[in-house]
Amino acid sequence: MADSTQSSVISSSHGLPDASAGQGSPSAGKDAKLSLVRDLIYWRDLKKSGTVFAVSLLLLLSLAAFSIVSVVSYLLLALLSVTITFRVYKSVVQAVQKSDEGHPFKAYMEKNVTLSQESFRQQVDTALSHCNCILKQLMRLFLVEDLVDSLKLAVVMWLLTYVGAIFNGITLLIIADILIFSVPVFYEKYKAQIDHYVGMVREHIKCAVSKVQAKVPGVAKRKAE
């Protein structure tokens, strides 16, 4: 007991991190997920990123050509065909070789895939927090708390009507998937040039917004106060 107390005091005095600290914390799990997503979209591992990009693009293209019920059914049928074929193959091999290796998927069957209540509650709390934030923003925009922000939303919705007339939802998801796996890498390579031009565009937009705010009486009065 004295040894454990002394070791903890020594570690704290020397600034050594406690091995138990930070284990299983929600922030650590979120940082790990963000790091994994960042590595995928920045193609840190070509094999993993290529696999995820190919599978996601193939799935979206399948949804564009077939109904979601058909796509899910075909995917599950293909997976079931692979597992059944492999199971029969291993059974035949074991019968011929007279070996007793057991079920070929035994290692996977013994894994714990259940979702803990704590993890489920954390995900629900996170989703609820995001939903509440979105609802507050929507109320602020649609009830015109800030006239300029509401006008910006109106312009975006007006532009989206033209986008929706050209593309459907699946096509937009396909384009988004391609952009997610291409734009970050392109930006990382030409960051200096892009930041320069984006800064110029922001200055022009800022000047235009300032002119609009100056011409709107209510907004100009609020800014003066």
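Predicted model only: the values in this text are computed from it and were never measured.

## Some points on the overall build of the chain
Thinking step 1. From N to C terminus, the chain includes 11 helices and zero strands.
Thinking step 2. Scanning the chain from its N terminus toward the C terminus, one meets helices and strands in the order α-α-α-α-α-α-α-α-α-α-α.
Thinking step 3. A fraction of 49% describes how many contacts in the chain between residues 6 or more apart in sequence connect residues 24 or more apart.
Thinking step 4. Per element, the accessible surface of the chain, about 18600 Å² overall, is 68% carbon and sulfur.

## Things to note about the UniProt feature "transmembrane region" (unreviewed entry) in the chain
Thinking step 1. Sites flagged by UniProt as "transmembrane region" (unreviewed entry) map to residues 52–77 and 155–181.
Thinking step 2. With 92% helix and 0% strand, the stretch residues 52–77 has end C-alpha atoms that lie 20 Å from each other.
Thinking step 3. When the span residues 155–181 is considered, its composition is 89% helix and 0% strand, and the gap between its end C-alpha atoms is 28 Å.

## Quick notes on the packing of helix 3 (residues 46–65) against helix 4 (residues 68–97)
Thinking step 1. In contact at an axis separation of 8 Å, helix 3 and helix 4 are set at 135 degrees when each is read in the N-to-C sense. Regarding the angle of helix 3 to helix 4, the classification is oblique. Judged by the twist between their axes, the crossing of helix 3 over helix 4 is right-handed. Where helix 3 abuts helix 4, its residues Leu59, Ser62 and Leu63 lie against Ile68, Val71 and Leu75.
Thinking step 2. Its residues placed into classes, the contact of helix 3 with helix 4 shows five nonpolar, one polar and no charged.

## Description of helix 7 (residues 147–166)
Structurally, the α-helix is built with 3.6 residues per turn, so residues lying three or four positions apart point the same way.
Thinking step 1. Look at helix 7: 29 Å from first C-alpha to last across 20 residues, which is about the 28 Å you get at 1.5 Å a residue.
Thinking step 2. Among all positions of helix 7, only Val148, Ser150 and Leu153 are buried.
Thinking step 3. A side-chain oxygen of the first residue of helix 7 lies 3.1 Å from the backbone nitrogen of Val148; this N-cap is Asp146.

## Details of a nonpolar patch on the surface
Thinking step 1. On the surface, a cluster of nonpolar side chains totalling about 500 Å² of accessible area is made up of Ile166, Phe167, Leu172, Ile175, Leu179 and Val183.
Thinking step 2. Sort the elements by how many residues they give to the nonpolar patch and helix 8 (residues 169–180) lands first, with three residues.
Thinking step 3. Note that Ile175 resides in helix 8.

## Re the confidence of the model for the chain
Thinking step 1. Counting all residues, the mean pLDDT for the chain is 81, and 83% of those residues have values of 70 or more.
Thinking step 2. Put simply, helix 1 (residues 2–13) is where the chain has its lowest mean pLDDT, 45, and helix 6 (residues 117–142) is where it has its highest, 92.
Thinking step 3. When the criterion is pLDDT under 50, residues 1–23 qualifies, and its contacts beyond four places in sequence or with other chains add up to two contacts.

## Focus: the side chain of Gln94
Thinking step 1. Relative to the helices and strands, Gln94 is located in helix 4.
Thinking step 2. Setting aside its immediate chain neighbours within four residues, Gln94 contacts Ser99, Glu101 and Gly102.

## Topic: the pattern of salt bridges
Thinking step 1. Inspection of the entire model under this criterion finds three salt bridges.
Thinking step 2. Across the pair Arg140 and Asp149 runs a salt bridge whose closest N-O atoms are separated by 3.1 Å.
Thinking step 3. Overall, Arg140 belongs to the partly exposed group, its relative accessible area being 23%.
Thinking step 4. Looking at Asp149, the relative accessible area reads 22%, which means it is partly exposed.
Thinking step 5. Taking the shortest distance from any N to any O, the salt bridge between Asp195 and Lys191 comes out at 3.0 Å. Here Asp195 and its partner Lys191 are both found in helix 10 (residues 191–215), four residues apart, which amounts to about one turn of the helix.

## With respect to unusual backbone geometry
Thinking step 1. Positive phi is not limited to glycine here, since Trp43 has a value of about 60 degrees.
Thinking step 2. Along the chain, the position of Trp43 falls in the loop between helix 2 (26–41) and helix 3.
Thinking step 3. By relative accessible area, Trp43 is classed as partly exposed at 25%.
Thinking step 4. Non-glycine residue Val144 carries a positive phi angle of around 55 degrees.
Thinking step 5. Within the fold, Val144 resides in the loop between helix 6 and helix 7.

Definitions and limits used
Each chain carries its own residue numbering, running from 1 in the written order of its sequence. Totals for whole chains, interfaces and linings use every residue, but because this is a predicted model, local features are given only for residues with pLDDT of at least 70 and side-chain atom pairs only at 80 or more, for both listing and counting. Excluding hydrogens and water, the side-chain figures rest on all heavy atoms present in the structure. Elements are defined by DSSP. Helices are runs of H or I of four residues or more, strands are runs of E of two residues or more, and each kind is numbered from the N terminus. Residue contacts follow a heavy-atom distance rule, with two residues in contact if any of their heavy atoms lie within 4.5 Å. Note that accessible areas follow from Shrake-Rupley with a 1.4 Å probe, and for residues the cover is restricted to the protein chains shown. UniProt positions are given in the numbering used here, feature names are shortened, and annotations may be inferred rather than shown by experiment. Only the stretch in contact is used when fitting a helix axis, every axis being a line fitted to C-alpha atoms; angles between N-to-C directions are given from 0 to 180 degrees. Just so you know how the angles are binned, under 35 degrees is roughly parallel, over 145 roughly antiparallel, 65 to 115 roughly perpendicular, and the rest oblique. Each helix crossing is assigned a hand: it is left-handed if the near helix lies turned anticlockwise from the far helix by less than a right angle, otherwise right-handed if that turn is clockwise. Charged means Asp, Glu, Lys or Arg here, nonpolar means Ala, Val, Leu, Ile, Met, Phe, Trp, Tyr, Cys or Pro, and polar covers whatever is left, Gly included. Helix span, as expected, comes to 1.5 Å for every residue beyond the first. Three exposure classes are used, based on accessible area relative to the maximum for each residue type with a 1.4 Å probe and protein chains only: buried under 20%, partly exposed in between, and exposed over 50%. What qualifies as a polar contact is a pair of N or O atoms within 3.5 Å, subject to a donor-acceptor requirement within protein and to the restriction that residues adjacent in sequence count only when both atoms come from side chains. Residues with no salt bridge and a relative accessible area higher than 30% make up the patches, which join like charges within 9 Å and nonpolar side chains (Val, Leu, Ile, Met, Phe, Trp, Tyr) within 5 Å. The term salt bridge refers to a side-chain nitrogen of Lys or Arg lying within 4 Å of a carboxyl oxygen of Asp or Glu. What pLDDT reports is the predictor's confidence in each residue, on a scale of 0 through 100.

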